[in-house]
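Summary of the model geometry
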Amino acid sequence: MATAIALLLLCSPIITLCYVGWCLASPWGTCRRCRPGGKKRTCRACEGTGKRPRVGWQLYVYLRRLHRDGTR
Amino acid sequence: MTHNPHEPADHFDDPDRRRTDHPDGPAHDRTDDNADGPGAEVVPIESARAGRHPYQTPAPDEAHPDEADGPLVLHGHVVRVDQPGGDADWLARLEVQARERRPIVPLWLRSRSEAASVLKWVSRHYLHVTGYHLTRTPKYGLKLAARAPRGAVWLAGGMVRWTFDWEGEPARLIAVQRNDYDAYLKLSRQRDARVRLRVPVALVTLATLLLAGILIAASAPSIGQWTALGVALAVLGVCGKVPDRPLLDRAVLRHGLEKLTSDIVLRALGSLGIAEINKALSKASKTTQADAIRFNAPIMRDGPGWRADVDLPLGVTVSDVVEKRDRLASGLRRPLGCVWPEPMHGQHPGRMVLWVGDTDMNTARQPAWPLRRGGQADIFKPIPFGTDQRGRLVALTLMFNSMLIGAMPRVGKTFSLKPLVLAMGLDPIVQAMVFELKGTGDLSFAEKFAHEYASGLDDETMRRALLALRALKAELVSHRSGVIASLPKDLCPENKVTRALAERVSLGLHPIGLIIDECQNLFSHPAFGAEAGELAEFIIRVGPAMGVFLILATQRPDKRSLPTGIAANVGIRFSLRVMGQTENDMILGTSMYQNGIRATTFTAEDKGIGYLVGVKTDPQIVKTFFFDAPTADQIAERARDLRIAAGRLSGHAAGQAPEHEAAHGFDLLKDIASVVPTGEAKVWSETVCARLAELRPEVYTGWEPEQLAAALAPHGIDTIQISRRIDGKQLNRRGIDRSHIAAVITDRNHNRPTG
């Protein structure tokens with residue numbers, strides 16, 4: 001158990017960094033909601049584009065706005 | 001406007017129009033060029049013709065564009081006294097500029113010892129500060145712990161105010177009171193945005209701190225735990241600071257040592273009561289005039305004090321300021337011994353270097369004598385004598401020099417002899433002869449190494465000093481001059497004694513130093529005075545080049561106690577405190593007092609401080625190294641050991657009788673008495689020399705009649721004319737009378753009770 005936690009602690013920064021890099025490289029992911037049948041014109045989540053910003057990118061944009069608004 | 005050509009003088013008051021008549025000067029071409037210029041002047045033709053030289057090329061007139069309204073000078077050409085154009089060529093200008101080169105290396109870094117002392121001082125200061133605070137760490141810790149609760153409250157309050165943006169609350173309230181809806185909306189939106197950001201930040205910080213606190217508190221007690229507690233307390237304590245109560249105590253109290261600024265210097269100069277300075281100071285506020293007081297370099301630290309380079313107003317010399325040094329000190333609000341205005345060498349007499357020390361010179365700490373702990377002196381090189389106001393070493397070369405020390409009683413005259421005598425002792429090749437004619441035995445340490453030593457006020461001591469002078473003169477005349485002249489040029493290039501020559505025992509050119517303390521007792525002695533004066537003067541004139549030097553110390557340098565011939569020929573002079581101008585000038589040289597070199601300005605506390613003249617180009621103020629009796633004895637013991645090791649211990653220190661009575665174990669008078677039988681009343685010197693050479697070949701071989709005469713001179717025996725008939729011819733030669741020899745021997749035995 002302890003070794004697993006240690007391993008997780010060791011790995012989490014690496015995983016986070018990798019995810020950050022991934023988000024920077026390609027901020028757009030495919031829309032999950034309309035995936036089964038490919039692009040759906042009426043999907044509200046992706047407004048019919050079939051592409052949605054990744055969760056990490058959305059979080060980043062939210063935090064950036066929070067900071068900008070809070071320090072204005 | 002008058003056009004009188006013969007009266008140009010009434011316009012001379014205008015400097016720009018100053019001109020002079022010059023029949024055919026260089027201005028000719030210059031005016032020609034402008035003849036047709038637009039500014040050419042219309043001139044009454046009669047007067048112009050009348051003033052023109054008959055044989056000159058008719059220069060149209062002397063008009064110059066910029067003097068169109070000036071007076072006309074029609075006789076000859078006009079040449080300006082103040083020529084236009086450049087001042088000097090750039091090389092001369094550069095030379096003037098280069099005269100004031102700022103040092104690349106700061107002054108205090110120039111000499112190794114000075115840099116070392118500065119660094120030592122600085123490091124000692126910071127060591128002290130560190131130690132002071134280290135010892136007070138528990139106190140500081142308690143203080144911090146006591147302030148920690150206050151800090152915690154302050155921190156929590158501040159955090160809440162920040163998180164919920166309480167700073168903006170008054171502005172929002174005002175907006176409400178004014179019914180300013182737009183402003184209130186704007187402000188509350190801004191607050192919401194801020195709180196939205198700050199609450200998560202505060203929460204995250206709080207959570208992290210809590211987590212860390214719990215983790216540390218839960219772990220086993222260790223140093224880390226205590227450290228964390230200490231850090232937390234320290235941070236909280238620092239947060240809980242009280243504005244008017246600093247945490248740290250003062251390790252060093254500022255003690256009225258204000259920085260020397262130009263304002264302070266100007267204020268002090270203004271308080272001197274010198275009219276020109278006051279005039280310059282009153283004008284200085286209006287313009288930067290030529291006669292204003294100027295600073296030629298930034299005021300900076302120089303040793304343990306401040307140094308300002310000041311240009312005094314036109315016509316004021318540094319000696320004007322020096323003679324009012326006490327007033328200057330008052331104006332600077334410093335003790336008199338801290339304020340040292342000096343002229344700057346190689347500059348105009350109005351350039352003053354003002355050095356203001358941190359401590360009074362007579363209380364300032366003096367470095368130890370460099371030769372105190374060990375080492376050997378070299379009489380051919382400068383000997384450490386004292387330190388100047390700034391604590392720098394002052395050294396003087398005794399070889400090839402004579403020295404005069406003068407002062408009123410009880411200000412350190414004999415003490416200033418000590419470093420010199422000890423340095424002589426620490427060079428084994430020097431033969432020291434020390435006569436202390438005060439009789440107190442202040443220089444008794446010299447007995448351990450001196451070739452001759454006598455102390456006393458009685459006639460016998462005076463006689464011994466006189467005999468030493470006689471012997472020295474005889475040595476110079478009969479031995480040294482001959483030896484030096486006979487040496488080949490490659491050994492003795494300058495006809496001067498060198499160290500290599502002095503070290504060769506066979507040549508007998510070792511340096512001899514004769515020290516007479518309280519020499520006025522000898523020179524004003526009714527019986528020996530006149531002769532001693534002549535001998536001393538001879539030695540001072542001739543001796544230095546041959547390695548014999550004389551150091552005289554006196555407390556009353558008037559004509560009777562110090563013959564003018566001596567005072568005029570001494571190279572190095574050192575004057576401690578004296579009472580008047582006459583004494584000052586007798587010791588330091590004529591008109592020194594006028595030039596601002598005044599040993600009268602020293603106070604009774606300035607023991608061992610005096611003016612030293614003749615070592616550097618400018619007179620220096622020197623505080624001599626101080627030795628108490630045990631230290632001096634210790635060093636003298638070392639000098640004795642050095643001499644024994646070098647095989648150079650001789651004379652008094654070796655337990656021998658003075659040389660002029662029994663040289664190296666033999667006695668000239670007794671030898672003569674033994675080779676000249678009682679029946680022979682008068683003998684030629686040649687005969688005596690031949691017989692002496694038979695008696696002691698190792699000593700007397702090669703003696704000539706002249707040498708015999710010189711060797712007998714110190715004993716007061718003169719050679720006489722003796723006429724003999726040899727092979728029918730009457731021969732007239734120098735010789736000696738046996739009765740004279742016998743009389744001197746008897747007299748000597750009578751005078752020397754210990755044998």
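Conventions and cut-offs
- Residues numbered from 1 in each chain as written.
- Chains lettered and ligands numbered in written order.
- Predicted model: local features only at pLDDT ≥ 70, side-chain atom pairs only at ≥ 80, totals over all residues.
- Heavy atoms only, no water.
- Contact = heavy atoms within 4.5 Å.
- Buried area = accessible area lost by both parts, 1.4 Å probe.
- Salt bridge = Lys/Arg side-chain N within 4 Å of Asp/Glu carboxyl O.
- Nonpolar A, V, L, I, M, F, W, Y, C, P; charged D, E, K, R; others polar.
- UniProt positions renumbered as here; feature names shortened; annotations may be inferred.
- Helix = DSSP H or I, 4+ residues; strand = E, 2+ residues; numbered from the N terminus.
- Buried < 20%, exposed > 50% of the residue type's maximum accessible area, 1.4 Å probe, protein only.
- Pairing = 2+ DSSP bridges.
- Disulfide = S-S within 2.5 Å.
- Axes fitted to C-alpha atoms, helices over the stretch in contact; angles between N-to-C directions.

Section: the interface of chain A and chain B
Chain A puts six residues into the contact, and the matching count from chain B is five residues. Buried surface at the junction of chain A and chain B, both sides included, amounts to about 490 Å², of which 66% is carbon and sulfur. Between the two partners, chain A and chain B, sit zero salt bridges. Of the residues that constitute the side of chain A that touches chain B, the class distribution is one nonpolar, three polar and two charged.

Comments concerning the UniProt feature "transmembrane region" (unreviewed entry) in chain B
As recorded in UniProt, the feature "transmembrane region" (unreviewed entry) lies at residues 197–217 of chain B. Secondary structure across residues 197–217 of chain B divides into 100% helix and 0% strand, with the first and last C-alpha atoms of the span separated by 30 Å.

Quick word on the pairing of strand β13 (residues 512–517) of chain B
Residues and elements named next belong to chain B. Taken across its six residues, β13 has six buried, putting it largely inside the fold. As paired strands, strand β11 (residues 431–436) and β13 are joined by six bridges and run parallel to one another. Residue pairing in the sheet places M433 in a bridge with L514 of β13. Note: β13 against strand β14 (residues 548–554), six bridges, orientation parallel. Considered in β14, the bridge of I516 is made with L552.

Quick notes on the state of the cysteines
Under the criterion given, the structure shown has zero disulfides over all chains. Free cysteine: C46 of chain A, not disulfide-bonded; nearest cysteine sulfur from C43 of chain A at 3.5 Å.

Comments concerning the sheet that holds strand β10 (residues 403–406) of chain B
Residue and element names in this part refer to chain B. In space, the ten strands of this open sheet follow the order β9-β8-β17-β16-β15-β10-β14-β13-β11-β12, with mixed pairing throughout. With partners counted over all chains shown, the strands left at the sheet margins are β9 (393–396) and β12 (452–455), one partner each. Sheet twist, expressed as the average angle between the axes of neighbouring strands with direction ignored, equals 25 degrees. Examined bridge by bridge, strand β16 (residues 609–613) and strand β17 (residues 620–624) share four bridges and lie antiparallel to one another. Residue I609 lies in a different strand from β17, and its bridge partner there is K623. Relative to β14, helix α14 (residues 413–425) is tilted by about 160 degrees, and along the sheet it contacts β8 (383–388), β9, β10, β11, β13, β14, β15 (572–575) and β17.

A few points about unusual backbone geometry
Residues and elements named next belong to chain B. Look at N179: it is not a glycine, yet its phi comes out positive at around 55 degrees. As for its position among the elements, N179 is in the loop between α7 (169–177) and α8 (181–218). Residue class for N179 comes out exposed when judged on its relative accessible area of 52%. Positive phi outside glycine occurs at R333, with the angle close to 60 degrees. Along the chain, the position of R333 falls in the loop between α13 (325–332) and β6 (339–343).

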